[in-house]
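A look at the structure
Chain by chain, the residues:
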Amino acid sequence: MYHVAVHILAQRLLDHIWRQELLAAGERIGVAVSGGIDSAALLRLLLELRSEIGIVVSVVHFNHKLRGAESDADEQFAGSLARKHDLEFFSDSDDVARHAAEEKISVEAAARQLRYGFFAHLIGEGTSGAGIRIKTGDEDRGSESAAPPENRAASVSRPGLDKIVTAHTLDDQAETVLLRLIRGTGMKGLGGIHPRIAIHDDDGDVCGEIIRPLLAMRRRELQQYLKDIGQPWREDSSNAEDAFTRNRLRKLVLPLLEKEFNPAVAENLAELSEIARGEEDYWENEAAGWMGTGVHWFEPEWAPTVAPGLVQIAMSDLRFRIEQASWLVMNASVDCLWFFGEPVAVQRRIVKAIGEHAGIPLEFKHIEEILHFSAKARPSGKKLSLPLGWKIVREPDQLVFQTPDLRAVEALRDYEYELQIPGCVAISAIGTMVEARSIPADAAAEYGPDQLLDADSLTGPVRVRNWRAGDRFWPCHTKSPRKVKELLQEIHVPQPERRLWPVVLSANEIAWMRGFPVAARFHAKAERNAIVIVETPLGDKDAV
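Below or above, wherever it landed, is the structure these notes cover.

So, about the pairing of strand β15 (residues 432–439). Taken across its eight residues, β15 has seven buried, putting it largely inside the fold. Bridge analysis of strand β14 (residues 423–427) against β15 gives five bridges, and the strand direction is antiparallel. Following the sheet pairing, Ala 426 is matched in β15 by Met 433. Where β14 folds back on β15, the antiparallel hairpin that results is connected by four residues, among which Gly 431 adopts a positive phi of roughly 70°. Looking at chain direction, β15 and strand β22 (residues 530–537) are connected through eight bridges and run antiparallel. The residue bridging Thr 432 from the neighbouring strand is Pro 537, located in β22.

Okay, the environment of Asp 442 next. Position of Asp 442 relative to the elements: it lies in the loop between β15 and β16 (452–454). Considered as a pair, Asp 442 and Ala 526 are 84 residues apart in the sequence and their alpha carbons are 9.8 Å apart.

Here Leu 249 is to be found in helix α10 (residues 245–260). Residue Leu 249 is classed as buried on the basis of its relative accessible area of 4%. Excluding residues within four positions of it along the chain, Leu 249 makes contact with Glu 175, Leu 178, Leu 179, Ile 182, Leu 254 and Pro 255.

Judged by nonpolar contacts, the single largest core of 68 residues is most densely connected at Phe 401, Leu 453, Met 513 and Ile 533. A per-element tally of this core places helix α14 (residues 344–358) first, with six residues. Ranked by size, the runner-up nonpolar core spans 38 residues in total, among them Leu 9, Val 31, Leu 81 and Met 217.

Contact geometry for α14 and helix α15 (residues 364–376): axes closest at 10 Å, N-to-C directions at 115°. In terms of orientation, α14 and α15 fall into the roughly perpendicular class. The interaxial crossing formed by α14 with α15 has right-handed handedness. Note on element contacts: α15 touches α14 through Phe 364, Ile 367, Glu 368, Ile 370 and Leu 371, opposite Val 344, Gln 347, Arg 348, Val 351 and Lys 352. Looking at the contact of α14 with α15, its residues break down into six nonpolar, one polar and three charged.

Moving on, we come to the sheet that holds strand β10 (residues 383–385). The sheet built from five strands is open, its strands ordered β8-β9-β12-β11-β10 with antiparallel pairing. Whereas interior strands pair on both sides, the edge strands pair on one side only; in this sheet they are β8 (295–298) and β10. Averaged over all adjacent pairs, the angle separating strand axes in this sheet is 20°, with direction ignored. Contacting β10, β11 (391–394) and β12 (398–402), α15 crosses the sheet at an angle of about 25° to β11.

Below, the discussion takes up the sheet that holds β15. The strand order across the open sheet built from four strands is β14-β15-β22-β16, with neighbouring strands paired in antiparallel fashion. A strand with exactly one partner marks an edge of an open sheet, and here the two such strands are β14 and β16. Going from strand to strand, the sheet's axes swing by 25° on average, the running direction of each strand aside.

Moving on, we get to the packing of aromatic side chains. Inspection of every chain in the model, using the stated rule, returns nine aromatic pairs. Between the aromatic rings of Trp 283 and Trp 290, the centroid separation amounts to 6.2 Å while the plane-to-plane angle is 50°, which identifies the pairing as tilted. The same class applies to Trp 283 and to Trp 290, which are both buried. Joined through ring pairs, the aromatic side chains of Phe 62, Tyr 116, Phe 118 and Phe 119 make up one cluster. Sitting over the face of the ring of Tyr 116, Arg 112 holds its NZ or CZ atom 4.3 Å from the ring centroid. Lying across the ring of Trp 501, Arg 514 places its NZ or CZ 4.6 Å from the centre.

What counts as what
Residues numbered from 1 in each chain as written. Predicted model: local features only at pLDDT ≥ 70, side-chain atom pairs only at ≥ 80, totals over all residues. Heavy atoms only, no water. Buried < 20%, exposed > 50% of the residue type's maximum accessible area, 1.4 Å probe, protein only. Helix = DSSP H or I, 4+ residues; strand = E, 2+ residues; numbered from the N terminus. Pairing = 2+ DSSP bridges. Contact = heavy atoms within 4.5 Å. Core = buried A, V, L, I, M, F, W, Y, C linked by side-chain atoms within 4.5 Å. Axes fitted to C-alpha atoms, helices over the stretch in contact; angles between N-to-C directions. Parallel < 35°, antiparallel > 145°, perpendicular 65-115°, else oblique. Left-handed = near helix turned anticlockwise from the far one by under 90°. Nonpolar A, V, L, I, M, F, W, Y, C, P; charged D, E, K, R; others polar. Phe/Tyr/Trp six-rings, centres within 6.5 Å; stacked < 30°, edge-to-face > 60°. Lys NZ or Arg CZ within 6 Å of the ring centre and 35° of its normal.

This is the structure:
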């Protein structure tokens, strides 16, 4: 029996929370409220259930500053909900577009990075209040103050929330799984949005969680719930923009699949993610055991000393290269008797686990190539080249994964791919997906202006490749073209990462280069459609 009469949807949510052990009595919960259907419904549902569960509810809002007055109105709406229900209100804001430009990442990735950083700051013992604006529900909006970061810790109370609750739904889960299927993924990617994410403090201990209790509910159910209780919500205008891949998937692909193939396709995709997470948890536990038993790690012989006969580098420089390497500077060996005695599924997992542990961006095709090479190559010391300069050596009784030798400045393999506009290409050599996204003129304000290329100026075949000797680049706001080599030296890009640094060319002219403003000649024009180049890590686990 429930202690109070609650909406049928709230009863379903309560059953789900108890079954998954998502919340516990006595916990302080921050509900992330953007103002949209999902988050408004989540807040109202938890308000119905707070007495039954025994939790203390507050409202959390992050203003991304992407939609001007509309973003500010969302923040005001979230604050008014907190005041109406006498809840504590925690808010923060940042210039997401500027952060995206500075970090050379997509606006979506920048928004998530800043938002989840704010969530983590509110959780646990590490929250001092710095960088956070806090209001309680009965405060007037005009009384809010934003103390300087160095003084703010003394001017506000420590939030000390146990968990942040976000409003990801079954629809979000289905969209995520389908999007990853389209782009290409493995079992980990099929896991989609995870129901809970642990937050760690500075000592590495778990101090709280971000949880998603609505993953079993459809968005349309939440909308009907809000109508039933007379609760208004905010509409995000960016959700209607076709420039965003997820929006097109939501508006076009999923409705088509539901209408023409299976009305339960969203539920089936969500179930698939549940199965995939369970499978992945099992294999990750297995792989953790392999890393200390079947797979043996050891330093390359060149790491402690510099041997004669190679390009000599000062030991301090060598240590710097080792510290700055984007991979683990260790070799790995695998016993052949054990490895070939396992089923092919286990062999794939062993290779994949080595790649993940060492930082080698291995796609499925690489893993299959490794298995074929290992089984067919005679034990004669033959080598197979892998991404980032790694090699695998077939010895009589073992397979050895060799880390790149950082003593010598070696020419790593060049790469070059055609890049469709819009479109994306996976570049295993640098472990990233390079995507060209079309940005309508009316959405250009959401991006840093120096990120955007003029769509009409990109002519001829557009290609992405690593820079080559003699390449020159003219970033906007600079006086003249410069050698790419000099530009990379100035920003202290280490070798061999420097050798593989990506550029995008229109015809034979560099229009974009990682870490710099776009080329002057290709800079986006006002009120014209634009292109933004975005890099995301291959196998990105959770981009939502």
